[in-house]
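# A look at the structure
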Amino acid sequence: MDLQLRGTRGLTEDELFNIQRISEKSMKALERILPDAKLTLVIKKQAKKGAKPQYNFQGRVDHPSLIFKAEALDWELAKALHKMFNKLETEAHRKSDKY
């Protein structure tokens, strides 16, 4: 499965490393359900002055016969990313059963 990251400009190296690590693990499950799919991950880090940043992840899976999206928002990077991948996996199960 191909992974394309967008919106990585304002992220630190630790954040990028965690995104890569979690994405690689979670993409294996998606790849079992939908082989030959492409994942586009849009990352938005919303920070206010002096406050903890909020992470918004938007994932889009492009498969030759299916296209679907999922979005998750949380104060912790790992939680937001896991939520988004869980939504994508649930949607992949639903859509793949129909096709």
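Everything below is about the structure shown above.
The following refers to the structure shown. (Residues numbered from 1 in each chain as written. Predicted model: local features only at pLDDT ≥ 70, side-chain atom pairs only at ≥ 80, totals over all residues. Heavy atoms only, no water.)

### Some thoughts on the pairing of strand S1 (residues 2–6)
Bridge count for S1 against strand S2 (residues 38–46) is five bridges, and the pairing is parallel. Each residue of the ladder has a partner; that of Arg6, found in S2, is Val42. A crossover connection joins S1 to the parallel S2 through helix H1 (residues 13–33); in handedness this β-α-β unit is left-handed. (Pairing = 2+ DSSP bridges. Helix = DSSP H or I, 4+ residues; strand = E, 2+ residues; numbered from the N terminus. Right-handed = clockwise from strand over helix to strand, strands pointing away.)

### Thoughts on H1
With 21 residues, H1 ought to run about 30 Å at 1.5 Å a step, and its terminal C-alpha atoms sit 31 Å apart, in line with that. Burial in H1 covers these residues: Glu15, Ile19, Ile22, Ser23, Ser26, Met27, Ala29, Leu30 and Ile33. (Expected span 1.5 Å × (residues − 1). Buried < 20%, exposed > 50% of the residue type's maximum accessible area, 1.4 Å probe, protein only.)

### Regarding the pairing of strand S4 (residues 67–74)
Judged by which residues are buried, S4 turns out to be one-sided: Phe68, Ala70, Ala72 and Asp74 face inward and are buried, whereas Ile67, Lys69, Glu71 and Leu73, on the alternate face, are not. Relative to S4, strand S3 (residues 54–62) runs antiparallel, the two sharing eight bridges. Bridge pairing in S4 places Arg60 opposite Lys69. As consecutive antiparallel partners, S3 and S4 are separated by four residues.

### Digging into the sheet that holds S4
Across the sheet, four strands lie side by side as S1-S2-S3-S4; this open sheet has mixed pairing. Since the sheet does not close on itself, it has two edges, and those belong to S1 and S4, each with one partner. Within this sheet the neighbouring strands show an average axis-to-axis angle of 15°, counted without direction. (Axes fitted to C-alpha atoms, helices over the stretch in contact; angles between N-to-C directions.)

### Describing the side chain of Asp74
With respect to the helices and strands, the residue Asp74 is situated in strand S4. Side-chain polar atoms of Asp74 contact the backbone nitrogen of Glu76, separated by 3.1 Å. At 2.9 Å, the side chain of Asp74 forms a polar contact with the side chain of Lys83. Once you skip the residues sitting within four places of it in the chain, Asp74 turns out to touch Gln54, Tyr55, Lys79, Ala80 and Lys83. (Polar contact = N/O pair within 3.5 Å; in protein donor to acceptor, adjacent residues only side chain to side chain. Contact = heavy atoms within 4.5 Å.)

### As for unusual backbone geometry
The phi dihedral of Asp36 is positive, around 65°, even though this residue is not glycine. Tracing the sequence through the fold places Asp36 in the loop between H1 and S2. Residue class for Asp36 comes out exposed when judged on its relative accessible area of 69%.

### Some thoughts on the nonpolar core
Of all hydrophobic cores here, the largest spans 25 residues; its most connected members are Ile19, Leu34, Phe57, Leu81, Met84, Phe85 and Leu88. Of all the secondary-structure elements, those providing two or more residues to this core are H1, S2, S3, S4 and helix H2 (77–98). (Core = buried A, V, L, I, M, F, W, Y, C linked by side-chain atoms within 4.5 Å.)

### Examining the environment of Lys48
Mapped onto the elements of the fold, Lys48 is located in the loop between S2 and S3. For Lys48, a relative accessible area of 67% corresponds to the exposed category. As a C-alpha pair, Lys48 and Leu77 span 29 residues in sequence and 16 Å in three-dimensional space.

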